[in-house]
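# Descriptive structure summary
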Amino acid sequence: MILEYNLQFFAKDGPGGEKTEPATPKKLEDARKEGQVAKSREIAVGMGLLALFLLLKIWVGRLAGQFLNLFEYVYSRISDTVVFWNGEMPVNDVRILAFQVILQLLIIVAPIFLVGFLVAFVCDLVQVGWKPTGKPLMPKFNKLSPISGFKRLFSVNSLVELVKSIAKIVLICYVCYQYLKDQWSLLFLFYDKPFLEAIRDIGNLVTDLGIRVSAVYMVIAFADLIYQRTKFAKDMRMTKQEIKDEYKNSEGDPQIKSRIRQKMREVSQRRMMQDLPKADVVITNPTHYAVAIQYDPDIAQAPIVLAKGEDFLAAKIKEVARENKIEIVENKPLARMLYANVDVGQVVPPELYQAVAEVLAFVYHLQGKV
């Protein structure tokens with residue numbers, strides 16, 4: 001019996017095979033535009049809790065006083081109004097009083113909300129920088145698919161989230177138990193303390209416990225941050241084919257670019273060969289390099305390289321030079337220096353003036369110009 005195998009069942013998602021290559025900057029930038037970044041929500045939650053309890057630790061006395069003043073104000077308004085209206089309170093007065101109470105409550109808790117917002121904003125800013133996008137808020141209908149939801153429910157990420165939630169519950173319960181087991185005796189003393197002192201002690205107890213819980217939560221948050229960054233880097237990995245396709249899309253097909261460069265070289269060589277008859281001399285290696293020089297004081301103050309080439313192109317330059325009765329002078333060091341350091345259309349550098357001038361003087365002497 002012959003078994004047929006479809007190797008595609010064993011391949012990972014994505015064209016080009018297994019995703020083994022790190023993500024390119026372009027892919028990371030595109031993912032960022034879609035709102036996909038490596039960050040941990042637990043960092044913002046943990047830092048927010050820590051900031052909240054630290055603020056309450058400092059401000060608990062003032063906060064308790066503000067709530068007491070609000071309670072006294074409401075109680076006095078209710079008593080005065082009820083007495084004035086013979087045991088009944090008009091609906092309009094109830095509405096006004098409720099509005100004033102809500103306003104005062106917002107003023108009292110506003111600093112807490114403000115600190116929470118600033119901490120969450122700074123945490124996200126530190127993790128991923130500032131580049132807001134609204135794409136994560138747009139509805140994605142593929143997330144409504146039952147099959148996709150089923151896959152997410154039983155994915156590795158869901159398992160990690162479950163383990164993380166259990167770890168948070170266990171650690172927080174352990175911290176609470178370790179702290180409160182030494183505080184049970186103090187809880188029974190609150191009945192014998194003045195009201196304000198009991199409120200202050202309860203506030204200190206709650207804030208101290210909250211700071212400890214927040215510190216433990218931050219340990220979990222930093223572990224989650226490391227996991228999220230590792231997972232993000234793995235999810236963003238690309239196949240070799242994807243990198244090639246991205247390069248083609250962004251930079252152009254290498255074969256097309258090679259053909260364009262070839263065409264540009266051909267055009268440049270044709271222009272170079274057209275200008276070659278204007279040369280005064282061709283300096284050769286003698287077999288590997290050939291450089292055509294022109295000196296015209298009306299064009300430039302120094303000699304100009306009209307053409308240069310090696311091997312086959314050098315032979316072509318010498319052939320055109322013979323056809324146009326241009327002197328060919330063998331000077332191996334000078335030919336190499338000119339070919340390697342001077343482009344076509346550029347003037348000869350000052351350090352080569354002397355050597356080129358000697359060659360031109362020799363040519364002019366042969367031609368009877370000097």
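Residues numbered from 1 in each chain as written. Predicted model: local features only at pLDDT ≥ 70, side-chain atom pairs only at ≥ 80, totals over all residues. Heavy atoms only, no water.

## Considerations on the environment of Gly46
Mapped onto the elements, Gly46 comes out in helix 2 (residues 41-84). Put simply, Gly46 and Val213 are 167 residues apart on the chain and 9.0 Å apart in space, counted from C-alpha to C-alpha. Setting aside residues no more than four positions away along its own chain, Gly46 makes contact with Ser214, Tyr217 and Met218. (Helix = DSSP H or I, 4+ residues; strand = E, 2+ residues; numbered from the N terminus. Contact = heavy atoms within 4.5 Å.)

## Some points on a nonpolar patch on the surface
Taken together, Leu114, Phe117, Leu118, Phe121, Val122, Leu125 and Val126 make up a surface patch of nonpolar side chains, about 660 Å² in accessible area. For Phe121, the position within the fold is in helix 3 (residues 91-128). Residue classification places Phe121 among the partly exposed residues on the basis of a relative accessible area of 36%. (Patch = residues over 30% accessible without salt bridge, like charges linked within 9 Å, V, L, I, M, F, W, Y side chains within 5 Å. Areas by Shrake-Rupley, 256 points an atom, 1.4 Å probe, with all protein chains shown as cover. Salt bridge = Lys/Arg side-chain N within 4 Å of Asp/Glu carboxyl O. Buried < 20%, exposed > 50% of the residue type's maximum accessible area, 1.4 Å probe, protein only.)

## What to know about unusual backbone geometry
Backbone geometry at Asp311 places phi at a positive 55°, although glycine is not the residue there. We classify Asp311 as partly exposed; its relative accessible area is 41%.

## Here's the deal with the sheet that holds strand 1 (residues 281-284)
An order of 3-2-1-4 is seen for the 4 strands of this open sheet, with the pairing classed as mixed. For this open sheet the edge positions go to strand 3 (304-310) and strand 4 (327-330), each flanked by a neighbour on one side alone. Between one strand axis and the next, the sheet turns through 20° on average, direction left out of account. When strand 1 meets strand 2 (residues 289-294), the two strands line up antiparallel, connected through 4 bridges. Within strand 2, the residue paired with Ile283 across the bridge is Val291. Against the sheet, helix 11 (residues 332-341) engages strand 1, strand 2, strand 3 and strand 4, with an angle of about 80° to strand 2. The strands touched by helix 12 (residues 353-366) are strand 1, strand 2 and strand 4; relative to strand 4, the strand with the most contacts, the crossing angle is about 135°. (Pairing = 2+ DSSP bridges. Axes fitted to C-alpha atoms, helices over the stretch in contact; angles between N-to-C directions.)

## As for the pairing of strand 2
Taking burial as the measure, the 6 residues of strand 2 include 5 buried ones, the bulk of the element. Hairpin connection, strand 1 to strand 2: the antiparallel pair is bridged by 4 residues. Note that strand 2 and strand 3 share 6 bridges and pair antiparallel. Note on strand 3: the bridge partner recorded for Ile293 is Val305.

## Some thoughts on the pairing of strand 1
The alternating pattern of strand 1 places Val281 and Ile283 on one face and Val282 and Thr284 on the opposite face, and all of these are buried. Two strands pair when backbone bridges link them, and strand 1 and strand 4 are joined in this way by 4 bridges, in the parallel orientation. Bridging across to strand 4, Val282 finds its partner in Ile328.

## As for the side chain of Thr284
By secondary structure assignment, the location of Thr284 is in strand 1. When residues no more than four places from it in sequence are discounted, the contact partners of Thr284 are Tyr289, Ala290, Lys318, Ile328, Val329, Glu330, Asn331, Lys332 and Ala335.

## A short note on the nonpolar core
Counting 17 residues, the largest nonpolar core has Val281, Ile283, Ile293, Leu334, Leu338, Val356 and Val359 as the members making the most contacts within it. Among the elements that line this core, the one with the most residues is helix 12, at 5 residues. Counting residues in each nonpolar core, the second largest holds 15 residues, with Val282, Leu313, Ala321 and Ile326 among its members. (Core = buried A, V, L, I, M, F, W, Y, C linked by side-chain atoms within 4.5 Å.)

## A few points about helix 12
Between the first and last C-alpha of helix 12 there are 20 Å, a value that for 14 residues agrees with the 20 Å anticipated at 1.5 Å per step. Taken as a whole, helix 12 has its buried residues at Val356, Val359, Leu360, Val363 and Tyr364. Projection of helix 12 onto a plane perpendicular to its axis shows the buried side chains occupying an angular sector of 135°, all on one side. Exposed residues on helix 12 whose side chains face more than 90 degrees from its buried face are Gln354 and His365. (Expected span 1.5 Å × (residues − 1). Arc of directions from axis to C-beta.)

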